[in-house]
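A structural walkthrough
One letter stands for each residue in the lines below.
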Amino acid sequence: MTWKSGFIPYGRQTIDEEDVAAVAAALRSDYLTTGPSVAEFEDAFAAFVGAGEAAAVSSGTAALHSAMFAIGVGSGDEVIVPAMTFAASANCVVYQGATPVFADVNADTLLVDPEDVERKITPRTKGIIGVDYAGQPCDWDALRTIAGRHGLVLIDDACHAVGAEYKGRRLGTQAHITCFSFHPVKHITTGEGGMVVTNDPEQAKKIRCFRNHGISTDHHQRELQGTWYYEMTDLGYNYRITDFQCVLGLSQLKKLPNFLMHRRRLATRYPALLANIPEVEPLAILPDRASAWHLYVVRLAREFAGNGRSRIFAALRAAEVGANVHYLPVYLHPFYRRRFGGHEGLCPMAEEAYKRIISLPIFPGLSDAAQEKVVEVLAESLHRMTE
Ligand SMILES: *Cc1c(COP(=O)(O)O)cnc(C)c1O
């Protein structure tokens, strides 16, 4: 199945014949899962982000859950999570029986506000999850200082930001553990998949155990030792990724610099194309970081908040432009309202932003002409509404 002709999604994968051939070869090999391609993908990915260890798992969500397990988050603990993110950033805390506490974001970037993070710390706080919203790294120096001052563990949900740079260094070593996603709308894909990255070999070992039911050895290690005996030392999950996915990941990783270049090119074209639309303002980009541009988020003028935004969204969709909204503040989802008392007023900046933001299409295969169409449709719909 393909997209309806003419439809422009907000994001999509780029798969070429080399990817297809690599996966086909993997399907004909001896190992469909837990074979040599897993470690090969892990090593290549660790090298790309400049970290000591990488453990591949079945999704970005599994990566985050594994990170929560590895740092020992459990019942009674609190973990601080930005309000403006995908639900999985907070769900991983709930999986471990702990409580997510939401921190507000800065209005201009929608990145987590370190001052609000510090205000939300209590004696129960165990860790802080930073999210590199839209692909732009959050303020890691400030978060590290706060985490150090209060003895907290720092986790980077970099699912938007593989290849993004903070002060000249690729994300992967800013926090104790960094998590990535390989969902098709992300920068590289394995269909579903994720990676946990750390410089701490003990954490990596815990995560490899956690992704395999909490069993301390895998079948290769047992074969090498000539034994059938294994022990389950912790409650783990089946969060393994297959070899044919890792082969796809390896093939995609080779193209990642090129994918990032395409995204950055589109991201520099947008402000110029949008310059004549005063009602639309891109988010702020900070000088000391290089975004990986997972999303291209714009903010509409205040008079379009709420209903106006809905009408613009509908107009874009009617013209086959797949705009999106990232995100409803996590604590306003019915589950978080019910279970954790989420309510309006908790994070005012995130709530105000939510009413006015739209994500415009950005992905390596988006043509210049399609990008220009997106902006034309946006300009027309605003024009019709202000007439
Ligand atoms: C995509 C995403 C995830 C989850 O990744 P999956 O691979 O879809 O499970 C987590 N956090 C953020 C911020 C994401 O964008």
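In case you missed it, the structure is sitting above this.
Residues numbered from 1 in each chain as written. Predicted model: local features only at pLDDT ≥ 70, side-chain atom pairs only at ≥ 80, totals over all residues. Heavy atoms only, no water.

**Things to note about helix 13 (residues 368-386)**
Stated precisely, the cut-off is as follows: A helix here means a DSSP run of H or I that spans at least four residues, while a strand means a run of E at least two residues long, and both kinds are numbered starting from the N terminus. By this rule the span expected of a helix is its residue count minus one, scaled by 1.5 Å. Working definition: with a 1.4 Å probe on protein chains only, accessible area under 20% of the residue-type maximum means buried, over 50% means exposed, and in between means partly exposed. Throughout, the arc means the angular range of directions from the helix axis out to the C-beta atoms. Whether two residues are in contact is decided by their heavy atoms, any of which lying within 4.5 Å being enough.
The terminal C-alpha atoms of helix 13 lie 27 Å apart, and with 19 residues this matches the ideal 27 Å at 1.5 Å per residue to within 8%. When we look at burial in helix 13, the residues that qualify are Ala-370, Gln-371, Val-374, Val-375, Val-377, Leu-378, Ser-381 and Leu-382. Along helix 13, the residues classed as buried sweep out an arc of 155 degrees about the axis, all on the same side. Looking at helix 13, the residues exposed on the side facing more than 90 degrees away from the buried face are Ala-369, His-383 and Arg-384. In this fold, the buried residues of helix 13 make contact with helix 9 (243-274), strand 10 (280-282), helix 10 (307-318) and strand 13 (357-360).

**Concerning the packing of aromatic side chains**
Keep this limit in mind: Ring geometry is summarised as follows: Phe, Tyr and Trp rings, the Trp one being its six-membered ring, pair when their centres sit within 6.5 Å, and such pairs are stacked at plane angles under 30 degrees, edge-to-face over 60 and tilted between the two. Criterion for a charge above a ring: Arg CZ or Lys NZ at most 6 Å from the ring centre, at most 35 degrees from the ring normal.
Here the structure, examined in full by the defined rule, presents 18 aromatic pairs. When the centroid spacing of 6.3 Å and the interplanar angle of 40 degrees are considered together, the rings of Phe-86 and Tyr-327 count as tilted. Pair noted here: Phe-86 is in the loop between strand 2 (78-82) and helix 4 (88-95) and Tyr-327 is in the loop between helix 10 and helix 11 (334-340), with a separation of 241 residues, a long-range link. An angle of 65 degrees between the planes, with centres 6.0 Å apart, marks the rings of Phe-210 and Tyr-239 as edge-to-face. Here Phe-210, found in helix 7 (residues 201-210), pairs with Tyr-239, found in the loop between helix 8 (219-225) and helix 9; they are 29 residues apart in sequence, far enough to count as distant. Judged by relative accessible area, which is 16%, Tyr-239 ranks as buried. Each member of the aromatic cluster is reached from another via a ring pair, and the members are Phe-102, Tyr-331, Phe-335, Tyr-336 and Phe-340. Taking the ring centre of Phe-48 as reference, the NZ or CZ of Arg-170 above it sits at 3.8 Å. A cation over a ring is seen here: Arg-309 above Tyr-354, with NZ or CZ 5.0 Å from the ring centre.

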